[in-house]
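# Overview (structure and organization)
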Amino acid sequence: MSNIKIQCIAIIGKMNNPLYIKNFSTTHPDLKYHYIAHTSIDVIEERVSTSPEASDTYLGLLYAMEDLAVYGYLTNTRVKFVVVLSVPDAVIKNSDMKSIFRKIHTAYINQVCNPFYNLDGKKSIVSKRFITAIDAIGKMTGEEVSISSP
């Protein structure tokens, strides 16, 4: 079992505006993950434009850079979820990533169901309940996400 760590979780609105970006890394600055989130928008848009009838909202591995792997997920309302993992020599199962994205999607759905939340707003998400849920997902360790070494 290798060490896997979620470095960043980003939620990007349907107008490609960042709704929430959380950096769990102590070694990389926040700006790096803002760059990764915005770069992943281009990859997501390219994948969606090539297969617009795709029924699976899980987009899989978007790209890898240095020791980071970037995964994507697109909701039915065009909100994008991006998860950046630190994976030094590991293979991550799609089922494990789908599970992580389902948890993020559930937290987002709970946020959207709040009658005081403006769906079309461009403001960042500041709900304490949402932030707590994302923090719990982000602090998952390698023991909770099963991976296999090559």
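The coordinates are above.
All values derive from a computational prediction rather than experimental measurement.

Moving on, we get to the packing of helix α2 (residues 94-112) against helix α3 (residues 128-138). The contact between α2 and α3 brings their axes to 9 Å, and the two run at 175 degrees. By the angle between their directions, the pair α2 and α3 is classed as roughly antiparallel. Contacts between α2 and α3 involve Ile 100, Lys 103, Ile 104, Ala 107, Tyr 108 and Gln 111 on the former and, on the latter, Phe 130, Ala 133, Ile 134 and Ile 137. Broken down by class, the residue content of the contact of α2 with α3 amounts to eight nonpolar, one polar and one charged.

The next subject is the pattern of salt bridges. Per the stated rule, a full pass over the model turns up three salt bridges. One salt bridge connects Asp 135 with Lys 22, and the closest N-O pair in it is separated by 3.7 Å. Residue Asp 135 is located in helix α3, and its partner Lys 22 is located in strand β2 (residues 18-23); the two are separated by 113 residues in the primary sequence. Asp 135 sits in the buried class, given a relative accessible area of 17%.

Below, the discussion takes up α2. Relative to the 27 Å expected for 19 residues at 1.5 Å per residue, α2 spans 26 Å between its end C-alpha atoms, a close match to the ideal helical length. Listing the buried residues of α2 in full gives Asp 96, Met 97, Ile 100, Phe 101, Ile 104, His 105, Ala 107, Tyr 108 and Gln 111.

Ile 11, Ile 104 and Ile 134 are the most contacted members of the largest nonpolar core, which totals 29 residues. The set of elements that each furnish at least two residues to this core consists of β1 (5-12), β2, β4 (68-74), β5 (80-86), α2 and α3. Element by element, the count of residues in this core is highest for α2, at six residues. Those residues in contact with Ile 134 that sit more than four places away from it in its chain are Ile 9, Ile 11, Tyr 20, Lys 22, Phe 24, Ile 104 and Ala 107. Residues Ala 10, Leu 59, Val 70 and Val 84 belong to the second largest nonpolar core, which totals 17 residues.

For the largest pocket, the calculated volume is near 290 Å³. Forming the boundary of the largest pocket are 19 residues, of which Lys 14, Thr 77, Val 79, Tyr 108 and Leu 119 lie nearest the centre. Residue contributions to the lining of the largest pocket peak at four residues, all from α2.

What follows concerns the sheet that holds β2. What the five strands build is an open sheet, ordered β2-β1-β5-β4-β3; its pairing is antiparallel. The open sheet has two edge strands with one neighbour each: β2 and β3 (58-65). Mean inter-strand twist for the sheet, computed between neighbouring axes without regard to direction, equals 20 degrees. Of the strand pairs in this sheet, β4 and β5 are connected by seven bridges, and their pairing is antiparallel. Across the sheet, residue Leu 74 finds its bridge partner in β5, namely Lys 80. Contacts from helix α1 (residues 30-50) reach β1, β2, β3, β4 and β5 within the one sheet, and its direction differs from that of β3 by about 130 degrees. Against the sheet, α3 touches β1 and β2, its axis set at about 145 degrees to β1.

The rules behind these values
- Residues numbered from 1 in each chain as written.
- Predicted model: local features only at pLDDT ≥ 70, side-chain atom pairs only at ≥ 80, totals over all residues.
- Heavy atoms only, no water.
- Axes fitted to C-alpha atoms, helices over the stretch in contact; angles between N-to-C directions.
- Helix = DSSP H or I, 4+ residues; strand = E, 2+ residues; numbered from the N terminus.
- Parallel < 35°, antiparallel > 145°, perpendicular 65-115°, else oblique.
- Contact = heavy atoms within 4.5 Å.
- Nonpolar A, V, L, I, M, F, W, Y, C, P; charged D, E, K, R; others polar.
- Salt bridge = Lys/Arg side-chain N within 4 Å of Asp/Glu carboxyl O.
- Buried < 20%, exposed > 50% of the residue type's maximum accessible area, 1.4 Å probe, protein only.
- Expected span 1.5 Å × (residues − 1).
- Core = buried A, V, L, I, M, F, W, Y, C linked by side-chain atoms within 4.5 Å.
- 1 Å grid on protein atoms, 1.4 Å probe; cavity = no way out; pocket = protein on both sides within 12 Å on 5 of 7 lines; lining within 4 Å.
- Points joined across faces, edges and corners; volume = space filled by probe spheres on them.
- Pairing = 2+ DSSP bridges.

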